[in-house]
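Single-letter residue listing:
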Amino acid sequence: MTRKQKRLAVIGGGVGFLLAAVLLVMFAFSQSIAYFYVPGDLATANVPPGTRIRLGGLVETGTVKRGEGSTVTFAVTDTIGTVPVTYTGILPDLFREGQGVVAEGSFAAGRSVFVADTVLAKHDETYMPKDVADRLKAQGVTLSGKETIR
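The model shown is predicted, which means the values in this text are computed figures rather than measured ones. Per chain, the residues get numbers from 1 upward, laid out in the order the sequence is written. Side-chain atom pairs in this predicted model are given and counted only at pLDDT of 80 or more, local residue features only at pLDDT of at least 70, and totals for whole chains, interfaces and linings cover all residues. Excluded from the side-chain calculations are hydrogens and water; all other atoms, namely the structure's heavy atoms, are used.

K.L.:
What is the right way to look at a positive patch on the surface in this model?
P.N.:
Residues form patches when they are more than 30% accessible in relative terms and have no salt bridge. Like charges link within 9 Å. Nonpolar side chains (Val, Leu, Ile, Met, Phe, Trp, Tyr) link within 5 Å. Throughout, the Shrake-Rupley method with a 1.4 Å probe supplies accessible areas, and for residues the shown protein chains are the sole cover considered. A carboxyl oxygen of Asp or Glu within 4 Å of a side-chain nitrogen of Lys or Arg is what we treat as a salt bridge. Note on charges: Lys and Arg go in the positive column, Asp and Glu in the negative column, and His and the chain ends are not counted at all. One atom stands in for each charge, and that atom is NZ of Lys, CZ of Arg, CG of Asp or CD of Glu. On the surface, Arg3, Lys4, Lys6 and Arg7 cluster together to form a positively charged patch. Of note, Lys4 is situated in helix α1 (residues 3-32). Numbering goes from the N terminus for both helices and strands, where a helix is a DSSP run of H or I of at least four residues and a strand is a run of E of at least two.

Structure representation (structure tokens):
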């Protein structure tokens, strides 16, 4: 084998290895993707049963019902649409009616109920550390909205 042939073999092997690595990474990502929807989007989206998605919105007031064991049913809304959710497990401490929530799971076959296997409660995004709020006040910047300095 000449020097030129060896170089081409090494370059060809490297390109083949990189191509295989990229294809494996793309396949792994396609298996773990969970698209994010809000209840208003689900009215027009065609989500097949069993497809993993993330459902985000607010927990509708008056819909939280505790069932047998650790099963909880509630509704997620975005003021345009509402989706009933069933979850079995321990809910996060920040979970409550009127609070933001992201539930991950899928729709059961033949049912309009979203079956969640993970529930994440969103915290208040108006939180600001005390030292940052003090510096802003010292500069004459007024804090809009309710003040939640802790």
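So much for the structure itself; the text now carries on.
K.L.:
Would you take a moment to explain the nonpolar core for this structure?
P.N.:
Within soluble globular proteins, side chains that are nonpolar tend to cluster in buried spots. Ranked by size, the top nonpolar core spans 20 residues in total, and within it Leu42, Phe74, Phe114 and Val119 carry the most contacts. Pairs of residues are marked as contacts when any of their non-hydrogen atoms sit within 4.5 Å. In this view, Val119 contacts Phe74, Tyr87, Leu91, Pro92, Phe95, Val101, Val102 and Ala103; residues no more than four positions away in its chain are not counted. Nonpolar cores are built from buried Ala, Val, Leu, Ile, Met, Phe, Trp, Tyr and Cys residues. Side-chain atoms within 4.5 Å join them into one set. Working definition: with a 1.4 Å probe on protein chains only, accessible area under 20% of the residue-type maximum means buried, over 50% means exposed, and in between means partly exposed.

K.L.:
What is the right way to read the pairing of strand β7 (residues 114-121) from this model?
P.N.:
Looking along a regular strand, one sees side chains alternate from face to face of the sheet. The pairing of strand β5 (residues 82-88) with β7 spans 3 bridges and is parallel. Bridging from a neighbouring strand, Tyr87 pairs with Ala116 of β7. For two strands to pair, DSSP has to find at least two bridges joining them. In this sheet, β7 lies alongside strand β6 (residues 100-107) in antiparallel orientation, the contact comprising 7 bridges. Pairing of Ser106 across the sheet is with Val115, part of β7. Linkage of β6 to β7, two consecutive antiparallel strands, is achieved through a turn of 6 residues, within which Gly110 is found at a positive phi near 75°.

K.L.:
Mind showing me how you'd approach the environment of Thr73 here?
P.N.:
Tracing the chain through its elements places Thr73 in strand β4 (residues 71-77). Taking the C-alpha atoms as reference points, Thr73 and Thr86, separated by 13 residues in sequence, lie 4.5 Å from one another. The residues contacting Thr73, other than those within four sequence positions of it, are Thr63, Val64, Lys65, Val85 and Thr86.

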